[in-house]
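Survey of secondary and tertiary structure
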Amino acid sequence: MRSLAIGATGMIAQQLNVETISNNIANATTTGFKKQRAEFQDLLYQNFRRIGSTSSDAGTIVPTGVQVGAGVRVAAVARVLEQGNLTVTDNKLDVAVNGSGYFQVQLPSGDTAYTRAGNFKLSPEGIIVTADGYPVQPAITIPAEAVDVAINASGEVMVKLDGQVAQQNVGQLQLATFANAAGLEAVGDNLFLQTGASGEAVGGNPGAPGFGRVVQGALETSNVNIVQEITTLISAQRAYEMNSKVIKTTDEMMQQASQLR
């Protein structure tokens with residue numbers, strides 16, 4: 001019976017759905033995390049009576065036909081890019097993006113990665129880096145004699161040096177946007193890589209047209225809604241159970257058929 005294979009495709013699809021939801025819940029407190037959503041497609045159909053075929057010599061047409069589907073598959077696991085909440089930390093090197101854009105990070109390989117997590121630190125040389133020590137691009141160095149750091153909404157990094165009154169500009173934070181940011185490849189560590197699906201990175205200063213502003217002393221939280229995820233998890237569990245019930249019922253029907261004499 002086809003229903004065995006159809007039920008199996010449903011269980012496989014819902015298993016991946018549960019895994020996606022589990023990852024969302026696990027990252028509910030991850031800085032700058034963007035939740036994911038499993039999306040499904042129905043499989044090919046077998047035509048037992050083709051729609052629109054001729055049903056008589058008089059030229060009458062079959063209005064609906066007979067089609068039986070082969071089940072379901074996962075078409076994509078899409079990333080939802082809606083803005084997360086901003087949490088005030090009062091840390092001078094914590095920077096959140098309010099709007100569109102990603103911070104640019106230089107990897108040890110020399111490639112550029114992109115992130116929404118702005119929990120920056122200082123390297124031993126005074127360079128602004130990520131929690132893993134990767135330099136933020138363009139590189140910005142905070143002088144050792146600086147007693148205060150200020151980052152305005154446009155990304156200008158200003159420092160106040162010991163013994164001086166006026167602030168000094170030491171660099172400019174820049175953001176990158178993409179035509180299809182959902183096409184970025186997640187590689188872990190809150191980092192994304194550009195792909196053919198995302199399009200080329202377009203750089204610009206925060207606050208420029210098409211770019212969000214930055215907020216110093218704050219971090220963007222995960223955009224995961226725990227209540228919504230738990231509700232979706234329950235629905236996925238029920239769908240998994242129903243597909244397993246289909247397989248069990250089919251097995252019982254086949255058992256009954258084998259016992260006929």
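Calculation rules
The residue count restarts for each chain, going from 1 along the sequence in the order it is written. In view of the model being predicted, local features appear only for residues whose pLDDT reaches at least 70, and side-chain atom pairs are presented and counted only at 80 or more, with totals across whole chains, interfaces and linings using the full set of residues. Side-chain metrics in this entry use all non-hydrogen atoms of the structure; hydrogen atoms and water are not considered. Each helix corresponds to a stretch of at least 4 residues labelled H or I by DSSP, and each strand to a stretch of at least 2 residues labelled E; elements are numbered beginning at the N terminus. Accessible area is worked out with a 1.4 Å probe on protein chains only. A residue is then buried under 20% of its type maximum, exposed over 50%, and partly exposed in between. Working rule for contacts: check all heavy atoms of both residues, and any pair within 4.5 Å makes them a contact. Here the Shrake-Rupley method, with its probe set to 1.4 Å, supplies the accessible areas, and only the displayed protein chains count as covering residues. Under this rule, positive means Lys or Arg and negative means Asp or Glu; His and the chain ends count for nothing. Charged groups are reduced to one reference atom each: NZ for lysine, CZ for arginine, CG for aspartic acid, CD for glutamic acid. By definition, two strands form a pair when at least two bridges between them are found by DSSP. To obtain an axis, a line is fitted to C-alpha atoms, over the contacting stretch when the element is a helix, and the angle between two such axes runs from 0 to 180 degrees between their N-to-C directions. For this analysis, a nonpolar core means a set of buried residues of the types Ala, Val, Leu, Ile, Met, Phe, Trp, Tyr and Cys, connected via side-chain atoms within 4.5 Å. Here the expected span of a helix is defined as 1.5 Å times the quantity of residues minus one. Definition of a polar contact: a pair of N or O atoms within 3.5 Å, with one able to donate and the other able to accept a hydrogen when the atoms are protein atoms, and with sequence-neighbouring residues admitted only if both atoms are side-chain atoms. Salt bridge, as used here, is a side-chain nitrogen of Lys or Arg placed within 4 Å of a carboxyl oxygen of Asp or Glu.

Counting secondary structure elements, the protein chain contains two helices and 20 strands. Expressed as lengths along the three principal axes of its C-alpha atoms, the size of the protein chain is roughly 100 × 45 × 35 Å. For the protein chain, buried positions account for 33% of its 261 residues. Intrachain contacts of the protein chain at a sequence separation of at least 6 include 62% that bridge at least 24 residues. When the accessible area of the protein chain is evaluated, it comes to approximately 14600 Å², of which 52% is carbon and sulfur surface. Of the side-chain charges in the protein chain, 17 are positive and 22 negative, and the distance between the mean point of each set is 13 Å.

The next point concerns the sheet that holds strand S14 (residues 168-172). If you trace the three strands from one edge of the open sheet to the other, you get S12-S13-S14, paired in antiparallel fashion. Since the sheet does not close on itself, it has two edges, and those belong to strand S12 (146-151) and S14, each with one partner. For this sheet, the mean angle separating the axes of adjacent strands, direction not counted, is 25°. In this structure, S12 lies alongside strand S13 (residues 156-161), joined through five bridges in antiparallel fashion. When the sheet's bridge partners are listed, Ile 151 is paired in S13 with Val 157.

Attention shifts here to the nonpolar core. If you look at the biggest cluster of nonpolar residues, it comprises 18 residues, and the most contacted ones within it are Phe 103 and Leu 173. Listing elements by their share of this core, those giving two or more residues are strand S6 (95-98), S12 and S13. Sorting elements by how many residues they give to this core places S13 first, with three residues. Core analysis: the second largest hydrophobic core is formed by seven residues, Tyr 102, Tyr 114, Ala 176 and Phe 192 among them.

With that settled, the discussion passes to helix H2 (residues 226-258). Within an α-helix, residues lying three or four positions from one another point in the same direction, as the helix has 3.6 residues per turn. Helix length check: H2, at 33 residues, gives a terminal C-alpha distance of 48 Å against a target of 48 Å (1.5 Å per residue), a fit within 8%. Here the buried face of H2 lies against helix H1 (2-26). Taking the backbone nitrogen of Val 227 as reference, a side-chain oxygen 3.1 Å away marks Asn 225 as the first, capping residue of H2.

Further remarks concern the pattern of salt bridges. Think of it this way: side chains of opposite charge can pair up when their charged atoms draw near. In total, this model carries six salt bridges according to the counting rule given. Lys 35 serves as the salt-bridge partner of Glu 82, at 3.7 Å between the closest nitrogen and oxygen. Taken together, the positions of Glu 82 in the loop between strand S4 (72-79) and strand S5 (86-88) and Lys 35 in the loop between H1 and strand S1 (36-42) put the pair 47 residues apart, joining distant regions of the chain. When its relative accessible area of 8% is taken as the criterion, Lys 35 is described as buried. In this structure, Lys 92 and Asp 148 form a salt bridge, with 3.5 Å as the shortest nitrogen-oxygen distance. Here the residue Lys 92 occupies a position in the loop between S5 and S6, and Asp 148 occupies one in strand S12, the gap between them amounting to 56 residues. Residue Lys 92 is classed as partly exposed on the basis of its relative accessible area of 43%. By relative accessible area, which is 27% here, Asp 148 ends up partly exposed.

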